[in-house]
Amino acid sequence: MKTTEKKDEEDELLPEYDLKPLLKNGIQGKYVEFYRKAYGTVRLDPDVAQAFPTDEDVNKALRMLIHWVEIEKRIRPTAARRSQKRESRQTKLMAGVRKRLKPA
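Right, let's walk through the structure included here. Because the structure is predicted, anything quoted here is derived from the model rather than measured. (Residues numbered from 1 in each chain as written. Predicted model: local features only at pLDDT ≥ 70, side-chain atom pairs only at ≥ 80, totals over all residues. Heavy atoms only, no water.)

**Describing the overall build of the chain**
Next, step 1: Looking only at helices and strands, the chain has five helices and zero strands in total.
Next, step 2: For the chain, the sequential pattern of α-helices and β-strands runs α-α-α-α-α.
Next, step 3: Per-residue burial for the chain yields a buried fraction of 1% across its 104 residues.
Next, step 4: If you sum the accessible surface of the chain, you get close to 11,000 Å²; carbon and sulfur atoms cover 57% of it. (Helix = DSSP H or I, 4+ residues; strand = E, 2+ residues; numbered from the N terminus. Buried < 20%, exposed > 50% of the residue type's maximum accessible area, 1.4 Å probe, protein only. Areas by Shrake-Rupley, 256 points an atom, 1.4 Å probe, with all protein chains shown as cover.)

Given below as structure tokens:
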């Protein structure tokens, strides 16, 4: 039974059909960039794909990363302001020290 099924599948295309002229001018991967842009697909490196076997795992990890970045953005401005104040104090202090060390 199995051998006849395989034989039927193999004999689907008649021998007089030659596909070489059809494939002669074909360009492999012609629509890859369009497909990636349209459907938002990305290719994962093997090590990353091994760490995240399903698309749900990848999405969960990326959403977590986005959340952390948003939190970091909210925290950073206050830290940046503190460092700017510290730098301005240090600049003023150094200016005072330079005045004192400057020979008269």
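We are not done yet, so read on.
**Digging into the pattern of salt bridges**
A side chain of one charge can pair with a side chain of the opposite charge if their charged atoms are brought near each other.
Next, step 1: On inspection of all chains with the given rule, the structure shows one salt bridge.
Next, step 2: Put simply, arginine 36 and glutamate 33 hold a salt bridge, and the shortest N to O gap is 3.5 Å. Of this pair, arginine 36 and glutamate 33 both sit in helix H3 (residues 32-39), three residues apart, roughly one helical turn. (Salt bridge = Lys/Arg side-chain N within 4 Å of Asp/Glu carboxyl O.)

**So, the packing of aromatic side chains**
Next, step 1: Tallying each qualifying case throughout the model produces one aromatic pair.
Next, step 2: When the centroid spacing of 4.7 Å and the interplanar angle of 40° are considered together, the rings of tyrosine 35 and tyrosine 39 count as tilted. In this pair, tyrosine 35 and tyrosine 39 both sit in helix H3, four residues apart, roughly one turn of the helix. (Phe/Tyr/Trp six-rings, centres within 6.5 Å; stacked < 30°, edge-to-face > 60°.)

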